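This is what each chain is made of:
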Amino acid sequence: MFVTYIVPLSILIPILFGILNFKSAKTGPRLLLSYLIASGLINAFALILVAHRKTNLPLLHLYTIVEAVLILSYFRTIFIDHLIKKILLYITILFPLLCIINITFIQSIFTFNTYTRPLEAILITFFCLLYLYKSAFTENFINTPTSWFNIGILMYFPVVCIIFILSNYLVFVTKNKAMNAVIWNFHAAMSMVMYLAWARGFSLIKKNG
């Protein structure tokens, strides 16, 4: 129930706040809102496949590309340094190509993408930390939408990276249902934490212009 319905539906909270404040939002938050909507649609389709007893793993490969492109594009909008912006642009172009190479020559589309998904998490975490380092902590840090978007990112991607790496082993090798339930519930909980942090970020947009 928690993993299948509660967490997927919790994505509607930040989407609602994002839509309500869409006109006041800058490009960065709009990109994150686009990611949430795309994520919600892909997850809904994944649930439909599971209900029909079909594998939804091919969707995870598509999801990884969409997630990486939109979140890295978000970082391009908040950095001031032109060199970092250019590096992010190159990565945003190259990463989908790496994903295509991975599913074509290395990992089956019917397995977890344990190479590209952890790489995505590492890249997103790195640029999030780099932004915090470059921008420093301002006096109004906790009331800034970007701060809450980045808090959500740091609560999710670094924490679940190890799960991404071990996904195939956990599901297809150990086949320990009890352990898998704990791990994927934890993953779902971290997703919800990110959604709630982002909801707070979207709710602050009007106040901060």
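Worth saying up front: this structure is predicted, and the values here are computed from it rather than measured.

What counts as what
- Residues numbered from 1 in each chain as written.
- Predicted model: local features only at pLDDT ≥ 70, side-chain atom pairs only at ≥ 80, totals over all residues.
- Heavy atoms only, no water.
- Helix = DSSP H or I, 4+ residues; strand = E, 2+ residues; numbered from the N terminus.
- Rg over C-alpha atoms; globule rule 2.2 N^0.38 Å.
- Buried < 20%, exposed > 50% of the residue type's maximum accessible area, 1.4 Å probe, protein only.
- Contact = heavy atoms within 4.5 Å.
- Areas by Shrake-Rupley, 256 points an atom, 1.4 Å probe, with all protein chains shown as cover.
- Core = buried A, V, L, I, M, F, W, Y, C linked by side-chain atoms within 4.5 Å.
- Patch = residues over 30% accessible without salt bridge, like charges linked within 9 Å, V, L, I, M, F, W, Y side chains within 5 Å.
- Salt bridge = Lys/Arg side-chain N within 4 Å of Asp/Glu carboxyl O.
- 1 Å grid on protein atoms, 1.4 Å probe; cavity = no way out; pocket = protein on both sides within 12 Å on 5 of 7 lines; lining within 4 Å.
- Points joined across faces, edges and corners; volume = space filled by probe spheres on them.
- Axes fitted to C-alpha atoms, helices over the stretch in contact; angles between N-to-C directions.
- Left-handed = near helix turned anticlockwise from the far one by under 90°.
- Nonpolar A, V, L, I, M, F, W, Y, C, P; charged D, E, K, R; others polar.
- Disulfide = S-S within 2.5 Å.

A word on the overall build of the protein chain
Part 1 of the argument: Tallying secondary structure elements over the protein chain gives nine helices and zero strands in all.
Part 2 of the argument: Ordering the α and β elements of the protein chain from the N terminus gives α-α-α-α-α-α-α-α-α.
Part 3 of the argument: Over its C-alpha trace the protein chain gives a radius of gyration of 17 Å, about what one expects of a compact globule, namely 17 Å for 209 residues.
Part 4 of the argument: On the principal axes, the C-alpha backbone points of the protein chain span a range of 50 × 35 × 25 Å.
Part 5 of the argument: Each of the 209 residues in the protein chain was classed as buried or not, and the buried ones make up 45%.
Part 6 of the argument: Residue pairs in contact within the protein chain that sit at least 24 positions apart in sequence constitute 75% of those at least 6 positions apart.
Part 7 of the argument: Here the protein chain has roughly 11300 Å² of accessible surface; of this, 73% comes from carbon and sulfur atoms.

Regarding the side chain of S191
Part 1 of the argument: With respect to the secondary-structure elements, S191 resides in helix α8 (residues 177–203).
Part 2 of the argument: S191 sits in the buried class, given a relative accessible area of 8%.
Part 3 of the argument: Once residues lying within four places of it in the same chain are set aside, the contact partners of S191 are V7 and Y156.

With respect to the nonpolar core
For soluble globular proteins, the rule of thumb is that nonpolar side chains tend to be buried together.
Part 1 of the argument: Of all hydrophobic cores here, the largest spans 52 residues; its most connected members are I71, F75, F127, I153 and W198.
Part 2 of the argument: Looking at this core, the elements that each hand over two or more residues are α3 (27–51), α4 (57–78), α5 (82–106), α6 (116–135), α7 (145–174) and α8.
Part 3 of the argument: Discounting chain neighbours no more than four positions away, the residues touching I153 are I71, Y74, F75, I124, C128, P158, M194 and W198.

Describing a nonpolar patch on the surface
Part 1 of the argument: On the surface, L89, Y90, I93, L94, L97 and I100 cluster together into a nonpolar patch covering about 570 Å² of accessible area.
Part 2 of the argument: Looking at where L97 falls in the secondary structure, it is placed in helix α5.

Digging into the layout of surface pockets
Part 1 of the argument: Approximately 1100 Å³ is the volume found for the largest pocket.
Part 2 of the argument: Forming the walls of the largest pocket are 35 residues, and the residues nearest its centre are V3, N43, N56, W184 and H187.
Part 3 of the argument: Where the lining of the largest pocket is concerned, the elements lending two or more residues are α1 (2–10), α3, α4, α7 and α8.
Part 4 of the argument: If you tally residues by element for the lining of the largest pocket, the top one is α8, at nine residues.

Side note on the packing of α6 against α7
Part 1 of the argument: Packing of α6 against α7 brings their axes to within 9 Å, and their N-to-C directions diverge by 150 degrees. For the pair α6 and α7, the sense of crossing is left-handed. Between α6, through R117, P118, E120, A121, I122, I124, T125, C128, L129, Y131 and L132, and α7, the contact on the second element is made entirely by T146, N150, I153, L154, Y156, F157, P158, C161, F164 and I165.
Part 2 of the argument: Here the residues of the contact of α6 with α7 are counted per class, giving 16 nonpolar, three polar and two charged.

With respect to the pattern of salt bridges
Part 1 of the argument: All chains considered together, the criterion is met by two salt bridges.
Part 2 of the argument: Between E67 and R117 there is a salt bridge, with the nearest N and O atoms lying 2.7 Å from each other. Taken as a pair, E67 in helix α4 and R117 in helix α6 lie far apart in primary sequence, 50 residues in all. Residue E67 shares its accessibility class with R117, and that shared class is buried.
Part 3 of the argument: Across the pair R117 and E120 runs a salt bridge, and its minimum N-O distance is 2.9 Å.

Things to note about the state of the cysteines
Part 1 of the argument: As enumerated under the stated definition, the model contains zero disulfides in all.
Part 2 of the argument: Between C128, a cysteine without a disulfide, and C161, which holds the nearest cysteine sulfur, the sulfur-to-sulfur distance is 14 Å.
Part 3 of the argument: Judged by its relative accessible area of 0%, C128 falls in the buried class.

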